[in-house]
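Structural overview for review
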Amino acid sequence: MMVVFIPGDGIGPEITNQARKILDVIGSKYSRKFQYEYALLGGVAIDEVGVPLPQETIDKCMASKAVFLGAVGGHKWDDLPGHLRPEAGLLGIRKALGLYANLRPTLLFPQLKAASTLKEEVLGDGLDIMIVRELTGGMYFGDKGREEVDGDERAWDVEVYTASEIERVTRLAFELARDREGHLTSIDKANVLESSRLWRSVVEKVSEDYKDVTLNHMYVDNAAMQLVRNPHQFDVIVTNNIFGDILSDEAGMLTGSLGMLPSASLGDGNIGLYEPIHGSAPDIAGKDMANPIASIISIAMMLEYSFNMKEAAQDIYGAVKGVLDKGYRTADIMEPGMIEIGTEKMGDLIAQAI
Ligand code: IPM
Ligand code: MG
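What counts and what doesn't
- Residues numbered from 1 in each chain as written.
- Chains lettered and ligands numbered in written order.
- Predicted model: local features only at pLDDT ≥ 70, side-chain atom pairs only at ≥ 80, totals over all residues.
- Heavy atoms only, no water.
- Near = heavy atom within 4 Å.
- Polar contact = N/O pair within 3.5 Å; in protein donor to acceptor, adjacent residues only side chain to side chain.
- Areas by Shrake-Rupley, 256 points an atom, 1.4 Å probe, with all protein chains shown as cover.
- Helix = DSSP H or I, 4+ residues; strand = E, 2+ residues; numbered from the N terminus.
- Nonpolar A, V, L, I, M, F, W, Y, C, P; charged D, E, K, R; others polar.
- Domains from an automatic or database assignment.
- Pairing = 2+ DSSP bridges.
- Axes fitted to C-alpha atoms, helices over the stretch in contact; angles between N-to-C directions.
- Contact = heavy atoms within 4.5 Å.
- Core = buried A, V, L, I, M, F, W, Y, C linked by side-chain atoms within 4.5 Å.
- Buried < 20%, exposed > 50% of the residue type's maximum accessible area, 1.4 Å probe, protein only.
- Buried area = accessible area lost by both parts, 1.4 Å probe.
- Salt bridge = Lys/Arg side-chain N within 4 Å of Asp/Glu carboxyl O.

Some remarks on the site of ligand 1
Taken together, Glu87, Leu90, Arg94, Arg104, Arg133, Tyr140 and Asp245 make up the full set of residues adjacent to ligand 1. Asp245 is positioned such that a nitrogen or oxygen atom in its side chain is 2.8 Å from an oxygen atom of ligand 1. Contact with the protein chains covers 77% of the free accessible surface of ligand 1, which is 320 Å². Looking at the shell around ligand 1, the element that brings in the most residues is helix H4 (residues 86-96), giving three residues. A class-by-class count of the residues in the shell around ligand 1 yields two nonpolar, no polar and five charged. Structurally, the shell around ligand 1 is a two-domain feature, drawing no fewer than three residues from each of domain 1 (1-116 + 262-354) and domain 2 (123-254).

Let's talk about the sheet that holds strand E11 (residues 264-266)
Across the sheet, 10 strands lie side by side as E2-E1-E3-E12-E11-E4-E5-E10-E8-E9; this open sheet has mixed pairing. Whereas interior strands pair on both sides, the edge strands pair on one side only; in this sheet they are strand E2 (35-38) and strand E9 (214-219). Adjacent strand axes in the sheet meet at a mean angle of 25°, parallel and antiparallel pairs treated alike. Note that strand E3 (residues 66-71) and strand E12 (residues 272-274) share three bridges and pair parallel. Paired with Ala66 across the two strands is Gly272, which belongs to E12. Packing of helix H6 (residues 163-178) onto the sheet brings it into contact with strand E4 (101-107), strand E5 (128-134), strand E8 (183-188), E9 and strand E10 (236-239), and relative to E5 it is tilted by some 165°.

Some thoughts on the nonpolar core
In globular proteins that are soluble, nonpolar side chains generally tend to be buried together. Membership of the largest hydrophobic core comes to 62 residues, with the highest contact counts inside it found for Leu103, Val132, Leu303, Ile316 and Ile350. Residues within four places of Ile350 in sequence aside, it is in contact with Ile22, Ile293, Ile296, Ala319, Val320 and Val323. One finds Leu118, Leu123, Leu127 and Leu247 within the second-largest nonpolar core, a separate group that totals 18 residues.

Concerning the environment of Ile26
Structurally, Ile26 can be placed in helix H1 (residues 12-29). Distance in space between the C-alpha atoms of Ile26 and Val203 is 38 Å, their sequence separation being 177 residues. With residues up to four places along the chain from it excluded, the contact list for Ile26 reads Leu303, Met309, Ala312, Ile316 and Ile354.

Overview of the domain arrangement of the protein
According to the domain assignment, the protein consists of domain 1 (1-116 + 262-354) and domain 2 (123-254). The gap between the C-alpha centroids of domain 1 and domain 2 is 24 Å. Of the roughly 2100 Å² buried between domain 1 and domain 2 on both sides combined, carbon and sulfur atoms contribute 62%. Sorting the residues of domain 1 by area buried against domain 2 places Tyr100, Arg104 and Thr106 first, and these three jointly supply 33% of that buried surface. Where domain 1 meets domain 2, there are zero salt bridges. Where domain 1 touches domain 2, the interface holds nine residue pairs in polar contact (both at pLDDT 80 or more). Residue assignment for the side of domain 1 that touches domain 2 shows that the elements contributing at least two residues are H4 and E4. Per element, the largest residue contribution to the side of domain 1 that touches domain 2 is seven residues, and it comes from E4. Residue composition of the side of domain 1 that touches domain 2, by class: 10 nonpolar, four polar and four charged.

Written as structure tokens, this is what we have:
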């Protein structure tokens, strides 16, 4: 079972080490043999081979069962043209592997309630929302360009979706909702955007096959507000690429720290890509300060979705909870009275608890 690790930039390598440590422990606990490959992507790839997404990386990923990705990007590469920036490598690998559905669970660990920006009474007994973000379409991949017209400059990024692109991600979201609370919210901007009107009509049509799941539609501006007003109304959310990018950061912060949130990117093929939703945090890179929990839980998602090892995934969640219960915290979730530890130590403690 081949797993490709793509450490990337900034804190990427440090958190990838912790992710790998956890997979090692699970491998020996369950006598499963994981084989590892490492691949370049993002800024390091630009520095080493001149492009953000080397063909060799695509080939390695294609030959694997699952990919773990740390983080990409950094100020060093900010001035490069769009198609040569580290982020282009990330978008490119998602596209190359056909990973059209990005699952971003927003799960609040009860131990971290105080770290959330929401009041206790809004949080209630916790938070558990699954955001399904379309990942290979929309304005991220639509026609884009820049030109000068009559001495003025203009630029565009076209928001474009086909019905089949909408349908496949919607089906996946309905399937997930079926296994959860049975409620799906589709988020769009159908009062203004034609692409959203298509989105809405496709979602309606797909819903006929999922009568057991309740469906509602919500405009994205309202959704941004509802997420902080009453997050409990959401179970599964499905939305386009750009809205999903924005709303998942918002929802993520409700759980206390982006440092806690994993993601899984899936498609119709057999390969899954797992990455923390936070960025490369260049300001704290190499300082042993980053929170590895998002990466570690991304491994739990890998075990669940790519290797059908649900019990092992539960071991990881349990170990994370246990370590939090003992009061250990990285700087981003530190509170008075708790014990502040670094990246490496957090990884070790969770590994031991497994
Ligand atoms: C994310 C990130 C990426 C995105 C960036 C780094 C290109 O923000 O995964 O949410 O916009 O998809
Ligand atoms: Mg984002």
